Amino acid sequence: MPTPASGNAPLLVSWDASGSTDSDGTIVQYDWDMDNDSVFEIIDGGVSQNANYIGGGTYTVTVRVTDDDGATDEASAVCDVNDPPGG
């Protein structure tokens, strides 16, 4: 889901949920928890989001998808960001 999945800070990461599927319909909404606090800060934010990480650390992002029947599912992924070289 994150591209790239790791690298040196500052690192611009694209979080992509386009691989999400619904076996009996279509996905109609993507909600994003960008800072792993269990609060979806971005509601109906589309299939992808970008984040710029300026410090090293392991960053977890969760996407919640909602289908046309109102059913939801969540998936999380991590990105490992190294401190900037020489920093």
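Quantities reported herein were computed from a predicted structural model and do not represent experimental measurements.

Reading across the sheet, the four strands line up as β2-β7-β6-β4 and stay open at both edges, with mixed pairing between neighbours. Edge positions in the sheet fall to β2 (6-8) and β4 (27-33), since each has one partner strand and no second. For this sheet, the mean angle separating the axes of adjacent strands, direction not counted, is 25 degrees.

Burial along strand β3 (residues 11-16) is one-sided: the residues Leu11, Val13 and Trp15 are buried and none of Leu12, Ser14 and Asp16 is. Of the pairings in the sheet, the one linking strand β1 (residues 2-3) to β3 comprises two bridges and is antiparallel in character. From the neighbouring strand, Thr3 faces β3, where its bridge partner is Ser14. One ladder, built from six bridges, connects β3 with strand β5 (residues 48-53); its direction is antiparallel. Of the residues in β5, the one forming a bridge with Leu12 is Asn52.

A separate point is the nonpolar core. Trp15, Tyr30, Trp32 and Tyr53 are the most contacted members of the largest nonpolar core, which totals 17 residues. Those elements that place two or more of their residues in this core are β3, β4, β5, β6 (57-67) and β7 (72-82).

Direction of pairing for β2 relative to β7: parallel, over a ladder of three bridges. From the neighbouring strand, Asn8 faces β7, where its bridge partner is Asn82. Pairing of β6 with β7, which is carried by ten bridges, proceeds in the antiparallel orientation. Among the inter-strand pairings, Val65 is bridged to a residue of β7, identified as Asp73. If you look at the hairpin formed by β6 and β7, you'll find four residues sitting between the two strands, and Gly70 has a positive phi there, around 90 degrees.

Right, let's talk about the sheet that holds β3 for a bit. If you walk across this open sheet you meet the three strands as β1-β3-β5, and the pairing is antiparallel. In the strand order of this sheet, the two ends are held by β1 and β5, each with one partner.

Bringing the environment of Pro85 into the picture now. Locating Pro85 in the fold gives a position in the segment after β7. We classify Pro85 as exposed; its relative accessible area is 63%. As for Pro85 and Ala9, which are separated by 76 residues in sequence, their C-alpha atoms are 8.1 Å apart. What Pro85 contacts, discounting residues up to four positions off in sequence, is Asn8 and Ala9.

Bringing the pattern of salt bridges into the picture now. A complete count under the given rule lists one salt bridge for this structure. One salt bridge connects Asp31 with Arg64, and the closest N-O pair in it is separated by 3.0 Å. A residue pair is termed long-range when its members are at least 10 positions apart, and Asp31 in strand β4 and Arg64 in strand β6 qualify at 33 residues. For Arg64, a relative accessible area of 22% translates into the label partly exposed.

Analysis parameters
- Residues numbered from 1 in each chain as written.
- Predicted model: local features only at pLDDT ≥ 70, side-chain atom pairs only at ≥ 80, totals over all residues.
- Heavy atoms only, no water.
- Pairing = 2+ DSSP bridges.
- Helix = DSSP H or I, 4+ residues; strand = E, 2+ residues; numbered from the N terminus.
- Axes fitted to C-alpha atoms, helices over the stretch in contact; angles between N-to-C directions.
- Buried < 20%, exposed > 50% of the residue type's maximum accessible area, 1.4 Å probe, protein only.
- Core = buried A, V, L, I, M, F, W, Y, C linked by side-chain atoms within 4.5 Å.
- Contact = heavy atoms within 4.5 Å.
- Salt bridge = Lys/Arg side-chain N within 4 Å of Asp/Glu carboxyl O.

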